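# Secondary and tertiary structure notes
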Amino acid sequence: MRAFLFPGQGSQAVGMGAALAAASTAARETLQEMDDALEQRLSKLMAEGPERDLTLTENAQPAIMANAIATLRVLEREGGVRLADKVDYVAGHSLGEYSALCAAEGFDLATTARLLKLRGRAMQAAVPVGVGAMAALLGIDFETAQAIVAEAAQGEVCEAANDNGGGQVVVSGHVAAVERAMEIAKTRGAKRALLLPVSAPFHCALMAPAAEAMEAALATAPLRAPLVPVYANVTAAPVADADTIRRLLVEQVTGTVRWRESVAAMFAAGVTEFVEFGGKVLTPMVKRIAPEAKATSVVTMADIEALAGTL
C-alpha cells in the first residue's frame, strides 16, 4: 500500500518550482492556474524572491501547495500515473492537508489556493506580532511535552502544536509561556529547546479567530469526496466525507497536528511506501516514525521520472 504526502510551512525556498516549470508544461500550467486564482504573480515570487516576501504566511501557504501539486501533475500527465490507481491514502502536514485534498480532487486548485491565501492572512492577523511564539522541543516524547506545556501555561496559552515523531514536539502559545516550556523541557531531559522563526503561534487556542474565518470560508467552498481517503491532522484517522472534512479543517487551525500518530496509523493499516511531493521535510520524519517503511521525496524532474518507473 502507498500514501502520498504533502509538506507544510517551512518547506518554501526561493527558486521552488522554477526548474520544473521550465521543463514541464503541466507544471507551468499549474503555477499559472494558481496565479490566476489569486490574481497575483506568486509564481514569480516563488522563482525569484525576495525570500522575506515568500516567507510571509499568506504567500508561503499557497506557494508550497502549488509547488507540490505541480510536481504531482507532472507525474500524472507526463508519467501517465493516475493517483486513484496507485495510492491508498493521502496526508499532509498542516497546510499540506489542503494540498492532499487538492491532489485527491476534493478541492480544485483554484479553490485550494484561495483558501490557503485566506488561511495565511487569518492566521497572521489572529495574534499581534510579538505576542505569540513557537518552539521545538527535541528529545522528548509527546506525553512529556503535554505535561510540560500544562506546567508552563500559568494562566496563559501554551499547547503542543505539532507531534512530529522521533522525539520532536513543537509547542505554541504566548511568548512567556513558550519560554517557560523551553526551560522546563531542559529539566525533563530534552536535548534541545529552540525558538522557531515563525510569525505567529500556529495550532493553539490563540488561533481561534483564524478558525472562525476558515469556518466561514469552508462552508461555501466547493468540496467533493476525495478520490482516496485523507488522514486528518486532528484525528490521525482517514476521512472521506466532505462535511467531516470541512469540520476537521476548522478544528485543525487550533488543534494539534498529530503527524506521528498519522504515519504510525497508515503503517499499521498496511502502508509500506510513503512519497512526499514538493519537499524533503516529511520524509525524514516518516523514517523516524516507521523505519521499516520506504520513504522518498519527489522534487525534481529526475525524481518524478524515477518514481514513475516504479509505479
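These lines cover the structure that appears in this document, whether it is placed above or below. (Residues numbered from 1 in each chain as written. Predicted model: local features only at pLDDT ≥ 70, side-chain atom pairs only at ≥ 80, totals over all residues. Heavy atoms only, no water.)

## Let's talk about the overall build of the protein chain
To keep it simple, the criterion reads: The helix count covers DSSP runs of H or I at least four residues long, the strand count covers runs of E at least two residues long, and both are numbered beginning at the N terminus. It is over C-alpha atoms that the radius of gyration is taken, and the globule rule equals 2.2 Å times the number of residues to the power 0.38. Burial classes: relative accessible area under 20% of the type maximum marks a residue as buried, over 50% as exposed, and values in between as partly exposed (1.4 Å probe, protein chains only). Two residues qualify as a contact provided that any one of their heavy atoms is within 4.5 Å of a heavy atom in the partner residue. Residue-level accessible areas treat just the shown protein chains as cover; the underlying method is Shrake-Rupley with a 1.4 Å probe. As used throughout, the charge tally considers Lys and Arg to be positive and Asp and Glu to be negative, leaving His and the chain termini uncounted. Just so you know, the charge point we use is NZ for Lys, CZ for Arg, CG for Asp and CD for Glu.
When helices and strands are counted, the protein chain shows 15 helices and 10 strands. The C-alpha atoms of the protein chain give a radius of gyration of 18 Å, which matches the 19 Å a tight globule of 311 residues would have. Dimensions of the protein chain, computed from the C-alpha atoms along their principal axes, are close to 55 × 45 × 35 Å. Counting only residues that meet the buried cut, the protein chain has 55% of its 311 residues in that class. When contacts within the protein chain are restricted to residue pairs at least 6 apart in sequence, those whose partners lie at least 24 apart make up 74%. Carbon and sulfur atoms make up 51% of the accessible area of the protein chain, which amounts to about 12,200 Å² in all. Charge-centre separation for the protein chain: the mean point of 27 positive side chains lies 3 Å from the mean point of 35 negative side chains.

## Some remarks on the sheet that holds strand S2 (residues 89-92)
The line we're drawing: Each pair of strands is called paired provided DSSP finds at least two bridges between the two strands. Angles shown run from 0 to 180 degrees and are taken between the N-to-C directions of axes, each axis being a line fitted to C-alpha atoms and, for helices, limited to the stretch in contact.
Taken in spatial order, the six strands line up as S8-S7-S2-S1-S9-S10 in an open sheet, and their pairing is mixed. Unpaired on one side and paired on the other, strand S8 (238-239) and strand S10 (294-298) mark the two borders of the sheet. Strand direction decides the pairing type here: strand S7 (residues 230-231) and S8, joined by two bridges, are antiparallel. Bridge pairing in S8 links Tyr-231 to Pro-238. Helix H14 (residues 282-289) contacts strand S1 (2-6), strand S9 (273-277) and S10 of the sheet and is inclined by roughly 175° relative to S10.

## Notes on the environment of Gly-8
Inspection of the secondary structure puts Gly-8 in the loop between S1 and helix H1 (18-23). When the C-alpha positions of Gly-8 and Leu-75 are compared, they lie 20 Å apart, and in sequence the two are 67 residues distant. Other than its neighbours up to four places away in sequence, Gly-8 contacts Ile-64, His-93, Leu-95 and Gly-96.

## Focus on the nonpolar core
In summary, soluble globular proteins display a tendency toward joint burial of nonpolar side chains. What counts is decided by this rule: To qualify as a nonpolar core, a set must consist of buried Ala, Val, Leu, Ile, Met, Phe, Trp, Tyr and Cys residues joined through side-chain atoms within 4.5 Å.
With 81 residues, the main nonpolar core has Phe-4, Phe-6, Met-34, Val-90, Phe-107, Met-207 and Phe-277 as its most contacted residues. Of the residues forming this core, the biggest block, 11 residues, is contributed by helix H5 (residues 57-79). Every residue in contact with Met-34, bar those within four places of it in the chain, is listed here: Leu-42, Ser-43, Met-46, Pro-62, Ala-63, Ala-66, Leu-109 and Ala-113. The next biggest cluster of nonpolar side chains, apart from the first, holds 22 residues, and it includes Ala-135, Val-178, Ile-184 and Ala-193.

## Some points on the packing of helix H2 (residues 25-38) against helix H8 (residues 109-126)
What counts, and what does not: Any angle from 65 to 115 degrees is called roughly perpendicular, while one under 35 is roughly parallel, one over 145 is roughly antiparallel, and all others are oblique. Two helices crossing with the near one rotated counterclockwise from the far one by less than a right angle form a left-handed crossing, whereas a clockwise rotation gives a right-handed crossing. Each residue gets one of three labels, nonpolar for Ala, Val, Leu, Ile, Met, Phe, Trp, Tyr, Cys and Pro, charged for Asp, Glu, Lys and Arg, and polar for the others, Gly among them.
In contact at an axis separation of 9 Å, H2 and H8 are set at 55° when each is read in the N-to-C sense. By the angle between their directions, the pair H2 and H8 is classed as oblique. Crossing angle aside, the handedness with which H2 passes H8 is right-handed. Counting all contacts with H2, which are made through Thr-30, Glu-33, Met-34, Ala-37 and Leu-38, the residues of H8 involved are Leu-109, Ala-110, Ala-113, Arg-114 and Lys-117. Per-class residue counts for the contact of H2 with H8 are six nonpolar, one polar and three charged.

## Considerations on the environment of Pro-201
Among the secondary structure elements, Pro-201 is positioned in the loop between strand S6 (192-195) and helix H11 (208-220). Exposure remark for Pro-201: the relative accessible area of 1% places this residue in the buried category. Expressed as a C-alpha distance, the spacing of Pro-201 and Ala-27, which sit 174 residues apart in the sequence, is 32 Å. Beyond its immediate sequence surroundings of up to four residues, Pro-201 is in contact with Val-127, Gly-132, Ala-133, Met-134, Ser-172, Gly-173, Leu-206 and Met-207.

## Observations regarding the layout of surface pockets
To be explicit about the condition: Grid spacing is 1 Å over the protein atoms alone, the probe is 1.4 Å, and a cavity is where that probe fits but cannot get out, while a pocket is an open set with protein on both sides within 12 Å along at least five of seven lines and lining residues have an atom within 4 Å of a point. Grid points are joined across faces, edges and corners, and a volume is the space filled by probe spheres set on the points.
Estimates place the volume of the largest pocket at around 730 Å³. Gln-9, Gly-10, Ser-11, Leu-196 and Val-198 are, among the 32 residues lining the largest pocket, the residues nearest its centre. For the lining of the largest pocket, the secondary structure elements donating two or more residues are helix H4 (51-55), H5, H8, strand S3 (132-138), strand S4 (158-165), strand S5 (168-174) and H14. Examining the composition of the lining of the largest pocket, we find that four residues originate from one element, H14, more than from any other.

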